[in-house]
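# Examination of the molecular architecture
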Amino acid sequence: MPIQISAHVLREPRGTFELVGGIELADPRPGEVLVRYTSTGLCHTDLFARDVFHQPDFPPAIYGHEGTGVVEAVGAGVSDVAEGDRVMASFTSCGQCRTCLTGRPFNCEHFNDVNFALARPDGSYKASLEGQPVGSSFFGQSSFGSHALVAERDLVKVPEWVAAEDEHLLGPLGCGIQTGAGAILNVLRPGPVDSIVIAGTGAVGLSALMAAVASGIGTIIAVDIVEERLKLARELGATHTIDGNDEDQVEQIRDLTHGGASHAFDTTGVAPVLSRLVDALGWGGRLGIVGAAPGMTLDLLPVMQLGRQVQGIVEGNSVPRVFIPQLLELRRNGRFPLEKLARTYPFTDLEAAIGDTTSGAAVKAVLVH
Ligand SMILES: NC(=O)c1ccc[n+]([C@@H]2O[C@H](COP(=O)([O-])OP(=O)(O)OC[C@H]3O[C@@H](n4cnc5c(N)ncnc54)[C@H](O)[C@@H]3O)[C@@H](O)[C@H]2O)c1
Ligand SMILES: [Zn+2]
Ligand SMILES: [Zn+2]
């Protein structure tokens, strides 16, 4: 039997999310799971969806892609999770392309098609309001709702030892936090004698910082233009912080790293920041990029001249069912204090959470039902 759900719905590009009840959610199809969300993180990509992705001819849509909840029902053939299981949802992938089949769902050839989506890959909608379709497949999970249908393969079971009062911290692991931590632990992999510069100390940058600290990297330099964030970066273990407005940032980094950093990680998507990070790298240094802005450009000459490398990173090159439990173990051992990033809001207060995320007052806003 279809159920009635409520959700924050966006009706027009750059609009305001409106909490709407009486949305009909279909029964789970084979391979789908009905999840009742208990919380969801808010990620900048949700604001990208609101301001850039959502087009005037789109149906009303439910965004959100850092959901945690409980399984209420499963479709035919689902065997990995069962009713009552605590689960979190991560990004989706097709499961059938060359990169998915070789264990790299974060590089799924259809990543953008299936994640920036309102309908299932076959074009059908999971939800409707007064007989009209409602977009409900964003990152396969549309977590700004009370419930959603999520493909079994996109769910991660919450380990039994995770306390109920910590559940709200889990959703952000499905996107922003695994992105930052994975950039360090899965991709750049600096070691104790290396140095890393992290530009932008929001949720993604600070997750990278916590992973860098957990890895025992000798020199960890955080750069931001907001002093509050740099303060938090120092608390979390940055060995140095630099004001992103300083004229001599490159010289400061080169001094601190005795000639140039071995690694850098950008979460700002700001072109001048990227080119400064390249200049601050030593010979053979590596820069990872996750932030994006339209028209973001980079001069490749200084990349080539010093044998440097630049790599785009999606979702921290994470296989969520493997990596997220590993991050939870790190936290359990006191080496990944992700609670320091989170600020909670009642589920109804999405617009307040958006305001604090936009102003920088909240590093990682989490809506709790
Ligand atoms: N590639 C992926 O898979 C992926 C996944 C999640 C998020 N993202 C993207 O990562 C980016 C970071 O996300 P977030 O949640 O941490 O955002 P955020 O806004 O919280 O953090 C960005 C930080 O950059 C700082 N900043 C801005 N301009 C700066 C400058 N000139 N110099 C130094 N610092 C500057 C801001 O003050 C802020 O603290 C976003 O663009 C987001 O869309 C990418
Ligand atoms: Zn694929
Ligand atoms: Zn995200």
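Keep in mind that this is a model prediction, so the values were computed, not measured.

## Examining the sheet that holds strand β12 (residues 240–243)
Taken in spatial order, the six strands of this open sheet run β12-β11-β10-β13-β14-β15, and their pairing is parallel. Of all strands in the sheet, those bounded by a partner on one side alone are β12 and β15 (309–312). With strand direction ignored, the average angle separating the axes of adjacent strands in the sheet is 15°. Where strand β14 (residues 281–289) meets β15, four bridges bridge the pair, whose relative direction is parallel.

## Looking at the packing of helix α7 (residues 249–256) against helix α8 (residues 271–280)
Each pair of packed helices can be summarised by the angle the axes make with each other and by the distance between the axes. Contact geometry of α7 with α8 gives a least axis separation of 9 Å together with a crossing angle of 30°. By the criterion of interaxial angle, the relationship of α7 to α8 is roughly parallel. Where α7 crosses over α8, the handedness of that crossing is right-handed. Where α7 abuts α8, its residues Q249, V250, I253 and R254 lie against R276, D279 and A280. A per-class count over the contact of α7 with α8 returns three nonpolar, one polar and three charged.

## Some words on the domain arrangement of the protein
One can read the domain layout of the protein as domain 1 (3–158 + 337–368) and domain 2 (180–313). Of note, the centres of domain 1 and domain 2, computed from C-alpha atoms alone, are 30 Å apart. Of the residues lining the interface, six residues belong to domain 1; the matching set on domain 2 comes to seven residues. For the side of domain 1 that touches domain 2, the per-class residue count stands at three nonpolar, one polar and two charged.

## Here we look at the environment of F139
Along the chain, F139 turns up in the loop between β7 (132–134) and β8 (147–151). The residues contacting F139, other than those within four sequence positions of it, are H65, F91, T92 and N115.

## A word on the site of ligand 1
Not every one of the 31 residues close to ligand 1 is listed here, only the nearest: G200, G202, V204, G244 and V290. Of all the elements in the fold, those that place two or more residues in the shell around ligand 1 are α1 (44–53), α4 (176–188), α5 (203–214) and β11 (219–224). Looking at the shell around ligand 1, the element that brings in the most residues is α5, giving three residues. Classifying every residue of the shell around ligand 1 gives 14 nonpolar, 14 polar and three charged. Residue assignment places the shell around ligand 1 across two domains, with domain 1 (3–158 + 337–368) and domain 2 (180–313) each supplying three or more.

## Here's the deal with α5
Along its twelve residues, α5 runs 16 Å from first to last C-alpha, staying within 8% of the 16 Å computed at 1.5 Å per residue. Within α5, eleven of the twelve residues are buried, leaving the element largely enclosed by the surrounding structure.

## Considering the packing of α4 against α5
Contact pair α4 / α5: the axes reach a minimum separation of 7 Å and the direction vectors enclose 40°. In terms of orientation, α4 and α5 fall into the oblique class. Considering how the two elements wind past one another, α4 and α5 form a crossing that is right-handed. For the pair α4 and α5, the contacting residues are G176, I177, T179, G180, A181, A183, I184 and L185 in the first and A203, V204, G205, L206, S207, A208, M210, A211 and A212 in the second. Of the residues belonging to the contact of α4 with α5, the class tally is twelve nonpolar, five polar and no charged.

## Focus: the sheet that holds strand β2 (residues 18–25)
With respect to topology, four strands assemble into an open sheet ordered β1-β2-β6-β7, the strand pairing being antiparallel. Lying at the two open borders of the sheet, with one neighbouring strand each, are β1 (3–9) and β7. Within this sheet the neighbouring strands show an average axis-to-axis angle of 50°, counted without direction. Sheet analysis places strand β6 (residues 127–129) next to β7, joined by three bridges and oriented antiparallel. Pairing of A127 across the sheet is with V134, part of β7.

## Some remarks on the pairing of β2
In this sheet, β2 lies alongside β1 in antiparallel orientation, the contact comprising six bridges. Bridge pairing links Q4 to E24 in β2. Here β2 runs beside β6; their pairing, made up of two bridges, is antiparallel. Its bridge partner being in β6, L25 is matched across the sheet by A127.

## Considerations on the environment of L25
Position of L25 among the secondary structure elements: in strand β2. Sequence spacing of L25 and I3 is 22 residues, and the spatial spacing of their C-alpha atoms is 5.3 Å.

The rules we used
Counting starts from 1 at the beginning of each chain's written sequence and moves along it residue by residue. The order in which chains are written sets their letters, starting at A; the order in which ligands are written sets their numbers, starting at 1. Local features are withheld for residues below a pLDDT of 70 in this predicted model, meaning they are given only at 70 or higher, and side-chain atom pairs are given and counted only at 80 or more; totals for whole chains, interfaces and linings count all residues. Strand pairing is defined by DSSP finding a minimum of two bridges between the two strands. Here a helix means four or more residues in a row that DSSP labels H or I, a strand means two or more in a row labelled E, and each is numbered from the N terminus. Convention adopted: a line fitted to C-alpha atoms gives each axis, helices being fitted over their contacting stretch, and angles between N-to-C directions are expressed from 0 to 180 degrees. Here is the rule for angles: anything less than 35 degrees is roughly parallel, anything more than 145 is roughly antiparallel, 65 through 115 is roughly perpendicular, and the remaining ranges are oblique. What makes a crossing left-handed is the near helix being turned counterclockwise from the far one by less than a right angle; a clockwise turn instead makes it right-handed. By the criterion used throughout, residues are in contact when their C-beta atoms, derived from the backbone, lie within 7 Å. Asp, Glu, Lys and Arg are counted as charged, while Ala, Val, Leu, Ile, Met, Phe, Trp, Tyr, Cys and Pro are counted as nonpolar; the rest, among them Gly, fall into the polar class. Residue ranges labeled as domains rest on an automatic or database domain assignment. Each residue gets a C-beta atom placed from its backbone. If that atom is within 6 Å of a molecule or strand, the residue is near it. Residue count minus one, scaled by 1.5 Å, sets the expected span of a helix. Each residue is classed by its C-beta neighbour count within 10 Å, where at least 20 other C-beta atoms makes it buried, 12 or fewer makes it exposed, and intermediate counts make it partly exposed; the C-beta atoms are placed from backbone geometry.

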